[in-house]
Amino acid sequence: MSDPSTSAVRIAPEVADALAAGGAVVALESTIISHGLPRPDNLDVARRIEEAVRAGGAVPATIAVVDGVARVGLDDAALEVVGRSDDVVKVSVRDLAVVAARGGHGATTVAATAHLAHRAGIDLFATGGLGGVHREAATTWDESADLVALSRTPVTVVCAGVKSILDVGATLERLETLGIAVLGFGTNRFPGFYLPDAGFDLDWRVDTEADVAAVIAARRSLGTDDAAIVVANPVAPEAALDRGLHDRVLAEGLTAAESAGVRGKDVTPFLLAHFHEATAGESLRVNVDLVLANAVLAARIAVAAAAR
Ligand code: PSU
Ligand code: MN
């Protein structure tokens with residue numbers, strides 16, 4: 001085994017330079033590439049997400065574990081491993097050390113990405129949807145480790161809310177308990193990933209990147225920066241999934257997962273794949289659209305935060 005104490009985290013030169021100069025950097029997760037989007041288009045989408053960050057004025061830092069090394073900022077070869085290799089495992093915070101010690105490949109969830117981003121000195125992070133509390137959690141105890149990780153990691157995550165494959169109301173309750181502020185970007189309603197409104201009110205609405213940067217700065221000076229801030233950016237209404245199609249596919253997917261006996265960390269990828277197949281790619285289009293929008297917004301917030 002290699003010695004993880006000496007080379008466990010490697011920051012790409014472009015990312016390190018930007019951080020040293022106090023510039024805008026946006027972290028990106030990799031589970032969405034390996035387990036959240038179908039091949040072969042996933043690799044192209046990963047590159048487009050990075051381009052969207054650049055278009056917003058920031059440097060992208062996609063995070064993954066490659067050959068046992070946690071990498072912050074991936075070159076093309078590393079991105080190919082994440083998008084193409086059959087040996088990439090889904091890695092949450094607790095899995096990081098195991099995969100690193102074994103010299104394996106890992107795609108990082110929101111939890112693990114947030115952890116490594118913060119360690120590297122990156123404050124902004126863009127993704128599609130957060131993990132949360134699963135339906136039936138009262139009996140299965142299936143709550144994503146994303147929530148607990150965000151409760152102890154001072155990053156700001158831009159996402160499109162959570163998918164309705166989860167118990168959205170319970171997820172919002174847990175975000176409250178865990179001290180994670182949720183800011184609706186241009187909305188008072190919590191977005192539901194494929195849909196702009198998951199059916200719940202939010203306490204706080206922000207309308208500009210500067211508004212978010214001000215909250216980040218205030219959080220730091222008040223010392224409430226042990227937890228993450230979630231910026232919930234709804235998918236544009238014209239880009240959203242048809243609600244009837246959404247509700248039908250969701251019901252089918254939940255039944256299919258139940259009868260296939262899918263458990264643990266396989267639940268989320270199973271339901272995502274079901275959506276992509278059952279909507280003949282329409283959900284994939286929405287997924288890509290909203291991730292790109294989140295990447296641009298995160299970059300603009302990073303620019304606004306760096307300018308303060
Ligand atoms: N939700 C999505 N797409 C995703 C994920 C969640 O709409 O790709 C991924 C993210 O990486 C998230 C992880 O951090 O799934 C959560 O998995 P789990 O529920 O097993 O914690
Ligand atoms: Mn789970």
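Figured I'd write up the structure that's included with this text. For clarity, every value in this text was computed on a predicted model and none was experimentally measured. (Residues numbered from 1 in each chain as written. Chains lettered and ligands numbered in written order. Predicted model: local features only at pLDDT ≥ 70, side-chain atom pairs only at ≥ 80, totals over all residues. Heavy atoms only, no water.)

### So, the site of ligand 1
Turning to step 1, where the next piece is worked out: In the neighbourhood of ligand 1, 16 residues make up the surrounding shell, with Glu-29, Lys-90, Ser-144, Asp-146 and Lys-163 lying closest.
Turning to step 2, where the next piece is worked out: Lys-163 has a polar side-chain atom sitting 2.2 Å from an oxygen atom of ligand 1.
Turning to step 3, where the next piece is worked out: Relative to its unbound accessible surface of 470 Å², ligand 1 loses 92% to contact with the protein.
Turning to step 4, where the next piece is worked out: Taking a 2 Å distance to the grid points as the criterion, the majority of the atoms of ligand 1 fall inside the largest pocket.
Turning to step 5, where the next piece is worked out: Counting residues per element, the ones that place at least two in the shell around ligand 1 are helix H3 (31-36) and helix H13 (267-278).
Turning to step 6, where the next piece is worked out: At three residues, the largest contribution of residues to the shell around ligand 1 is made by H3.
Turning to step 7, where the next piece is worked out: For the shell around ligand 1, a count of residues per class yields four nonpolar, seven polar and five charged.
Turning to step 8, where the next piece is worked out: Taken domain by domain, the shell around ligand 1 gets at least three of its residues from each of domain 1 (1-122) and domain 2 (130-308). (Near = heavy atom within 4 Å. Polar contact = N/O pair within 3.5 Å; in protein donor to acceptor, adjacent residues only side chain to side chain. Areas by Shrake-Rupley, 256 points an atom, 1.4 Å probe, with all protein chains shown as cover. 1 Å grid on protein atoms, 1.4 Å probe; cavity = no way out; pocket = protein on both sides within 12 Å on 5 of 7 lines; lining within 4 Å. Sits in = over half its atoms within 2 Å of the grid points. Helix = DSSP H or I, 4+ residues; strand = E, 2+ residues; numbered from the N terminus. Nonpolar A, V, L, I, M, F, W, Y, C, P; charged D, E, K, R; others polar. Domains from an automatic or database assignment.)

### Thoughts on the nonpolar core
Turning to step 1, where the next piece is worked out: By size, the foremost hydrophobic cluster in this structure holds 103 residues, and its most contacted members are Val-26, Ile-122 and Leu-150.
Turning to step 2, where the next piece is worked out: Counting residues per element, this core draws most heavily on helix H14 (residues 282-306), at 13 residues.
Turning to step 3, where the next piece is worked out: Both domain 1 (1-122) and domain 2 (130-308) contribute no fewer than three residues apiece to this core.
Turning to step 4, where the next piece is worked out: Ignoring any residue separated from it by four or fewer positions in sequence, one finds Val-26 in contact with Val-53, Ala-58, Val-59, Pro-60, Ala-61, Ile-122, Leu-124, Phe-125, Ala-126, Ala-298, Ala-299 and Ala-302. (Core = buried A, V, L, I, M, F, W, Y, C linked by side-chain atoms within 4.5 Å. Buried < 20%, exposed > 50% of the residue type's maximum accessible area, 1.4 Å probe, protein only. Contact = heavy atoms within 4.5 Å.)

### As for the pairing of strand E4 (residues 69-72)
Strand residues, when the strand is regular, have side chains that alternate between the two faces of the sheet.
Turning to step 1, where the next piece is worked out: Here E4 shows a buried face lined by Val-69 and Arg-71 and a second buried face lined by Ala-70 and Val-72.
Turning to step 2, where the next piece is worked out: Of the pairings in the sheet, the one linking strand E1 (residues 9-11) to E4 comprises three bridges and is parallel in character. Within the sheet, the bridge partner assigned to Arg-10 lies in E4 and is Arg-71.
Turning to step 3, where the next piece is worked out: Pairing of strand E3 (residues 59-66) with E4, which is carried by four bridges, proceeds in the antiparallel orientation. Considered in E4, the bridge of Ala-64 is made with Arg-71.
Turning to step 4, where the next piece is worked out: The turn joining E3 and E4, which pair antiparallel and follow one another in sequence, is formed by two residues; a positive phi near 50 degrees is taken by Asp-67. (Pairing = 2+ DSSP bridges.)

### Quick notes on the layout of surface pockets
Turning to step 1, where the next piece is worked out: What the largest pocket holds in volume is close to 760 Å³.
Turning to step 2, where the next piece is worked out: Lining the largest pocket are 38 residues; nearest its centre among them are Lys-90, Thr-109, Ser-144, Asp-146 and Thr-268.
Turning to step 3, where the next piece is worked out: When contributions to the lining of the largest pocket are tallied by element, the ones reaching two or more residues are H3, strand E5 (88-91), helix H6 (93-102), helix H9 (145-151) and H13.
Turning to step 4, where the next piece is worked out: Across the lining of the largest pocket, the residue classes tally to 13 nonpolar, 15 polar and 10 charged.
Turning to step 5, where the next piece is worked out: Taken domain by domain, the makeup of the lining of the largest pocket includes at least three residues from each of domain 1 (1-122) and domain 2 (130-308). (Points joined across faces, edges and corners; volume = space filled by probe spheres on them.)

### Section: the environment of Ala-170
Turning to step 1, where the next piece is worked out: Within the secondary structure layout, Ala-170 lies in helix H10 (residues 168-177).
Turning to step 2, where the next piece is worked out: As a C-alpha pair, Ala-170 and Ala-137 span 33 residues in sequence and 9.2 Å in three-dimensional space.

### Points about the packing of helix H4 (residues 41-55) against helix H5 (residues 76-84)
Turning to step 1, where the next piece is worked out: Interhelical geometry of H4 versus H5 gives an angle of 135 degrees and a closest axis separation of 9 Å. Viewed along their axes, H4 and H5 adopt a mutual orientation that is oblique. Remark: the crossing between H4 and H5 carries right-handed chirality. Taking contact as the criterion, the partners of Asn-42, Leu-43, Ala-46, Arg-47 and Glu-50 in H4 are, on H5, Asp-76, Leu-79, Glu-80, Gly-83 and Arg-84.
Turning to step 2, where the next piece is worked out: Looking at the contact of H4 with H5 residue by residue, the classes come out as three nonpolar, two polar and five charged. (Axes fitted to C-alpha atoms, helices over the stretch in contact; angles between N-to-C directions. Parallel < 35°, antiparallel > 145°, perpendicular 65-115°, else oblique. Left-handed = near helix turned anticlockwise from the far one by under 90°.)

### As for helix H7 (residues 110-120)
Turning to step 1, where the next piece is worked out: Taking burial as the measure, the 11 residues of H7 include eight buried ones, the bulk of the element.
Turning to step 2, where the next piece is worked out: Once H7 finishes, Gly-121 follows within two positions and takes phi at roughly 90 degrees, a positive value.

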